[in-house]
Amino acid sequence: MNSVLLQLENIRKEFSRRVIFDKIDFTLTNGDSLAITGINGSGKSTLVKIIAGILSPTRGSLTLSVNGREMKLEQYHNYIGFVAPYIQMYDEFSAYENLKFFARIRGLRFDKKYIDHLLDRVVLYGRRDDAVRTYSSGMKQRLKYVFALLHKPEILIFDEPRANLDRHGIATAYSIMEEHKPEGILILATNEQEDLQYADTMINLDELRELRIANKQKQDELVAK
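Residues numbered from 1 in each chain as written. Predicted model: local features only at pLDDT ≥ 70, side-chain atom pairs only at ≥ 80, totals over all residues. Heavy atoms only, no water.

Caption draft 1: Structural view of the overall build of the chain. In terms of regular secondary structure, the chain is built from six helices and nine strands. The C-alpha atoms of the chain give 19 Å as radius of gyration, which agrees with the globular expectation for 225 residues (17 Å, within 12%). For the chain, the C-alpha atoms occupy an extent of roughly 70 × 40 × 30 Å along the three principal directions. Buried positions account for 47% of the 225 residues belonging to the chain. A sequence separation of at least 24 residues applies to 70% of the contacts in the chain between residues at least 6 apart. Accessible area for the chain stands at about 12,100 Å²; split by element, carbon and sulfur atoms hold 47% of it. If the 32 positive side-chain charges of the chain are averaged to one point and the 31 negative ones to another, these points end up 4 Å apart. (Helix = DSSP H or I, 4+ residues; strand = E, 2+ residues; numbered from the N terminus. Rg over C-alpha atoms; globule rule 2.2 N^0.38 Å. Buried < 20%, exposed > 50% of the residue type's maximum accessible area, 1.4 Å probe, protein only. Contact = heavy atoms within 4.5 Å. Areas by Shrake-Rupley, 256 points an atom, 1.4 Å probe, with all protein chains shown as cover. Lys, Arg positive; Asp, Glu negative; His and termini not counted. Charge placed at Lys NZ, Arg CZ, Asp CG, Glu CD.)

The structure is reproduced here in C-alpha cells:
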C-alpha cells in the first residue's frame, strides 16, 4: 500500500451564507482512523464529500499526498473508496455491468477473480447478473462496498456505514474496516456508538459549532463594550 498523507487546514463551508462548520483541522496518515459525529444537519456528509473531492470548501485547504507527491483534485478518486446511502448506480445494469463500467471509466482492469471474491463477501455473487433495480436497499448498499474496494484504495470513507444493512451486512462492513485500519486511512461519518470503536480519534461537529457560537458571542460583547 502507498504511503498517504491527508491534511485539512482551516476548512470552512457555507451554504447560502449560513456557516455549516468552520476551522476544521486534522492530519491523517497510514494507520489512522477518524469518526466525524454530530446531529443530523451538522455537516457530516458535507465534510466527507469535501474530503473525497466531491464538494469544494468555502475556505481552507485540503491536501492529499501519496508517496510524498501532492495529488491534484481530479486524482483523489484513485486513492479513495467512498460508501454512502445517497450514491447512485445504474438500476438497469447488473452488478457485473455496473462494475465493468466503473472499472472502464477509472482505467482499471476488470479483475474477475477479485471482483467475484468481493461479491461473494457481501453475499451478492449469486445475484451478480441481475439488474440492480431488482435489489433490495440492503443489497444495493452492500454492492456499494464492492465499488469502494474495487481499486484497493488507501483511504476508505464511509458515510452512515450501517445504513440499510441487516446484522450480517453490518458485520461484513465492520470486518472491512478492521482489515483496512492497520495500513490505510479510515474515515467514518456516523452517530452510531458501535461504529466508534473503529475510530481512534473523533471530531464532533456539534461541539465545534457550539464553541464557534460562544466565541462569536464573546466577541460581540467585547465590541458592545
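Caption draft 2: Structural view of unusual backbone geometry. The phi torsion at Lys23 lies on the positive side, around 55°, for a residue other than glycine. Position of Lys23 among the secondary structure elements: in strand S2 (residues 18-29). We note that Glu160 has phi near 55°; this positive angle belongs to a residue other than glycine. Relative to the elements of secondary structure, Glu160 occurs in the loop between strand S7 (155-159) and helix H5 (167-180).

Caption draft 3: Broad picture of the sheet that holds strand S4 (residues 59-66). Across the sheet, four strands lie side by side as S2-S1-S4-S5; this open sheet has antiparallel pairing. With one partner strand each, in any of the chains shown, S2 and strand S5 (69-70) form the two edges of the open sheet. In terms of strand pairing, strand S1 (residues 4-15) meets S4 through seven bridges, oriented antiparallel. Across the sheet, Glu9 pairs through a bridge with Ser61, a residue of S4. Sitting on the sheet, helix H1 (residues 44-51) is in contact with S1, S2 and S4, with an inclination near 130° to S1. (Pairing = 2+ DSSP bridges. Axes fitted to C-alpha atoms, helices over the stretch in contact; angles between N-to-C directions.)

Caption draft 4: View of the sheet that holds strand S6 (residues 80-83). The strand order S6-S7-S8-S3-S9 describes an open sheet built from five strands, whose pairing is parallel. The open sheet is flanked by S6 and strand S9 (201-204), the only strands paired with a single partner. Pairwise comparison of adjacent strand axes, ignoring direction, gives a mean angle of 15° for this sheet. The sheet contact formed by strand S3 (residues 33-37) and strand S8 (residues 185-189) spans four bridges and is parallel. Bridge assignment links Leu34 to a residue of S8, and that residue is Ile187. Strands in contact with helix H4 (residues 137-149) are S6 and S7; relative to S6, the strand with the most contacts, it is inclined by about 175°.

Keep in mind that these numbers describe shape and distance, not what the molecule does.
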